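# Chains, contacts and geometry: an overview
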Amino acid sequence: GLMQTLISTARATLHLPEIDSAWLYVPDNAIRAGTAYIAQQSTRTRYDPPVVACAYNAGSVRRNNNANNRWKMVQYPIGTAQHADRFVEWFNDTFRMFAADGGAPPTSFFQALAADAAARPGG
């Protein structure tokens, strides 16, 4: 689906054993599953964007001391910095786009995530 969440991860995170691949191909469902997983990992990632990217990609935040891995976090391909490097390039591109369009949104990435989490039942 849209956020490339594993079926098993979506089921476990949302406590919905009936989730299947068709469910994850519905954009709202895919975003719900992916963002729930990101929120679940927030005590470890603290919503730090490269840490979130590595945790999402590798399933958790774990150390990898490979000399080719500047981020020192497990990510795929193992022993490289490729995933975090691609993510940071994309993330930085969003801010270049904001600058070109006249400025960033009035709230930060973290504030938007925190507000969304607070608005959810049990948040």
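Residues numbered from 1 in each chain as written. Predicted model: local features only at pLDDT ≥ 70, side-chain atom pairs only at ≥ 80, totals over all residues. Heavy atoms only, no water.

## Structural notes on the overall build of the chain
Along the backbone of the chain there are seven helices and zero strands. Secondary structure of the chain in N-to-C order comes out as α-α-α-α-α-α-α. Summarising its shape, the C-alpha atoms of the chain cover approximately 40 × 40 × 25 Å along the three principal directions. For the chain, with 123 residues in total, the buried portion stands at 34%. Taking the contacts inside the chain whose residues are at least 6 apart along the sequence as the reference set, 26% of them involve residues at least 24 apart. Approximately 7900 Å² of the chain is accessible, and the part contributed by carbon and sulfur atoms is 58%. Each charge sign in the chain was given a centre, from 11 positive and 9 negative side chains, and these centres are 12 Å apart. (Helix = DSSP H or I, 4+ residues; strand = E, 2+ residues; numbered from the N terminus. Buried < 20%, exposed > 50% of the residue type's maximum accessible area, 1.4 Å probe, protein only. Contact = heavy atoms within 4.5 Å. Areas by Shrake-Rupley, 256 points an atom, 1.4 Å probe, with all protein chains shown as cover. Lys, Arg positive; Asp, Glu negative; His and termini not counted. Charge placed at Lys NZ, Arg CZ, Asp CG, Glu CD.)

## Section: the environment of L16
The residue L16 is located in the loop between α1 (7–14) and α2 (21–24) in this model. In the structure, L16 is positioned 91 residues away from T107 in sequence and 32 Å away in space, judged by C-alpha atoms.

## Quick look at the nonpolar core
Grouped together as the largest cluster of nonpolar side chains are seven residues: A10, L14, L16, I19, W23, L24 and A33. Listing elements by their share of this core, those giving two or more residues are α1 and α2. Leave out the neighbours within four places in its chain, and A10 touches T5, H15, I19, L24 and A33. Core analysis: the next-biggest nonpolar cluster, separate from the first, contains six residues, V51, V61, M73 and A84 among them. (Core = buried A, V, L, I, M, F, W, Y, C linked by side-chain atoms within 4.5 Å.)

## As for helix α5 (residues 49–58)
Here α5 lies mainly inside the structure; eight of its ten residues are buried. Taken as a whole, α5 has its buried residues at P49, P50, V51, V52, A53, C54, A55 and A58. Buried positions along α5 lie against α3 (27–40), α4 (42–45), α6 (82–100) and α7 (109–119). Just past α5, the residue G59 takes up positive phi, approximately 95°.

## A few points about unusual backbone geometry
Looking along the chain, the bond that leaves Y76 and enters P77 is cis, with omega of -5°. Inspection of the secondary structure puts P77 in the loop between α5 and α6. Located in the positive-phi region is Q4, a residue other than glycine, with phi close to 55°. Within the secondary structure, Q4 is located in the segment before α1. By relative accessible area, which is 69% here, Q4 ends up exposed. Here the phi dihedral of H15 falls at roughly 60°; this positive angle occurs in a residue that is not glycine. By the secondary structure assignment, H15 is in the loop between α1 and α2.

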